[in-house]
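Take a look at the letters that make up each chain.
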Amino acid sequence: MQPPTRIDHLGIAVNSIAEASCFYRDALGLTCGEGQVVPEQKVRVQFFQLGEVRIELLEPTAADSPIARFLAQRGPGLHHIAYHVDDLPATLAALKAAGVRLIDEKPRAGAHGMKIAFAHPKSTGGVLSEFCQEGP
Ligand code: ZN
């Protein structure tokens, strides 16, 4: 498979996007992209642009959101690293063949029109890993 081309974004779990924006937008001065609610994940996301990398803040919209569970267990902090790939289905097939434990064996819809899939932290050195590609 082709290795990932770059880090697309870093996902950071927060209790409040409004509060965390004081650092990323106001103190660091990063450009604030559009916010979006992803209902299937029960999460609100806010992207900040940093060169070709983005910071993705994730705030739960319900108590049973995966992000709410993460916050309850580990507190706010780094939630996942997202790698940009050119051929997501091929990447997933190659990872599976290499014995990597996949959470998503097929691409699914993510925020901002990206196709995404996650690999389990048990296979990736402890950090939830997302693989993403533009397109529906
Ligand atoms: Zn992400």
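Look above for the structure.
The shown structure was predicted, so the numbers you read here are calculated from the model rather than taken from an experiment.

1. What about the overall build of the chain?
Logical step 1: Across its full length, the chain holds three helices and eight strands.
Logical step 2: The globule rule puts the C-alpha radius of gyration for 136 residues at 14 Å, and the 15 Å found for the chain is close to it.
Logical step 3: Here the C-alpha coordinates of the chain stretch approximately 45 × 30 × 25 Å along the principal axes.
Logical step 4: The buried share of the chain, taken over its 136 residues, is 42%.
Logical step 5: Long-range pairs, those at least 24 residues apart, make up 52% of the contacts in the chain with a sequence separation of at least 6.
Logical step 6: Surface exposure of the chain reaches about 7300 Å², of which carbon and sulfur atoms provide 55%.

2. Points about helix H2 (residues 66–74)
Logical step 1: Where H2 is concerned, the buried positions are Ile 67, Ala 68, Phe 70 and Leu 71. Projected down its long axis, H2 carries its buried residues within an arc of 160°, all on one side. Across from the buried face of H2, at angles greater than 90 degrees, the exposed residues are Ala 72 and Gln 73.
Logical step 2: Check the buried side of H2 and you find it contacts strand E1 (6–13), strand E3 (43–50), strand E4 (53–60) and strand E5 (77–84).
Logical step 3: The N-terminus of H2 is capped by Ser 65, whose side-chain oxygen sits 3.1 Å from the backbone nitrogen of Ile 67.
Logical step 4: Immediately beyond the C-terminal end of H2, within one or two residues, lies Gly 75, with a positive phi of roughly 80°.

3. Examining the sheet that holds strand E6 (residues 108–109)
Logical step 1: Pairing within the open sheet is mixed, and its eight strands lie in the order E2-E3-E4-E1-E5-E8-E7-E6. A single partner strand is all that each edge strand has here, and the edge strands are strand E2 (31–38) and E6.
Logical step 2: Both strand E7 (residues 114–119) and strand E8 (residues 128–134) contribute to a ladder of six bridges, which runs antiparallel. Following the sheet pairing, Ile 116 is matched in E8 by Cys 132.
Logical step 3: Sheet strands in contact with helix H1 (residues 17–27) are E1, E2, E3 and E4, and its direction is about 160° off that of E4.

4. Overview of the coordination of the zinc ion
Logical step 1: Protein-derived ligands of the zinc ion are His 9 (NE2), Glu 56 (OE), His 80 (NE2) and Glu 130 (OE), with the metal-ligand distances lying across 2.1 to 2.3 Å.
Logical step 2: Read in sequence order, the donor residues coordinating the zinc ion give the pattern H-x46-E-x23-H-x49-E. Highlighted residues: Glu 56 in strand E4 and His 80 in strand E5, separated in sequence by 24 residues.

5. Remarks on the packing of aromatic side chains
Logical step 1: Within this structure, the stated rule accounts for three aromatic pairs.
Logical step 2: Aromatic side chains Tyr 83 and Phe 131 sit 5.5 Å apart centroid to centroid with 20° between the ring planes, which places their arrangement in the stacked category. With Tyr 83 in strand E5 and Phe 131 in strand E8, this pair connects stretches of sequence that are 48 residues apart.
Logical step 3: On the accessibility criterion, Phe 131 (7% relative accessible area) is buried.
Logical step 4: Each member of the aromatic cluster is reached from another via a ring pair, and the members are Phe 23, Tyr 24 and Phe 48.

Calculation criteria
Numbering of residues starts from 1 in each chain and follows the order in which that chain's sequence is written. Only residues with pLDDT of at least 70 are given local features in this predicted model, and only at 80 or more are side-chain atom pairs given and counted; all residues enter the totals for whole chains, interfaces and linings. Side-chain figures throughout are based on the complete set of non-hydrogen atoms in the structure, without hydrogens or water. Strands are runs of DSSP state E lasting at least 2 residues, helices are runs of H or I lasting at least 4, and numbering of each runs from the N terminus. For this measure, only C-alpha atoms enter the radius of gyration; the expected value for a globule follows 2.2 Å times N^0.38, where N is the number of residues. Each residue gets one of three labels from its accessible area relative to the maximum for its type: buried under 20%, exposed over 50%, partly exposed in between, using a 1.4 Å probe on protein chains only. Whether two residues touch is decided by their heavy atoms; if any such pair falls within 4.5 Å, the residues are in contact. Where accessible areas are quoted, they stem from the Shrake-Rupley method and a 1.4 Å probe; at the residue level, only the protein chains shown are allowed to cover. Each direction from the helix axis to a C-beta atom contributes to the arc, which is the arc of those directions. Whenever two N or O atoms come within 3.5 Å, that pair is a polar contact, provided that in protein one can donate a hydrogen and the other can accept it, and provided that, for residues adjacent in sequence, both atoms are side-chain atoms. The pairing criterion is simple: DSSP has to find at least two bridges between the two strands. A fitted line through C-alpha atoms represents every axis, and for helices the fit uses only the stretch in contact; the resulting angles, taken between N-to-C directions, go from 0 to 180 degrees. Each metal's donors comprise the N, O and S atoms found within 2.8 Å of it (within 3.2 Å for Na, K or Ca). Water is not part of the atom list, so some coordination spheres may appear incomplete. Pairing of aromatic side chains here covers Phe, Tyr and the six-membered ring of Trp, requires ring centres within 6.5 Å, and sorts the geometry by plane angle: under 30 degrees stacked, over 60 edge-to-face, intermediate tilted.

All quantities given are derived from atomic positions and should not be read as evidence of function.
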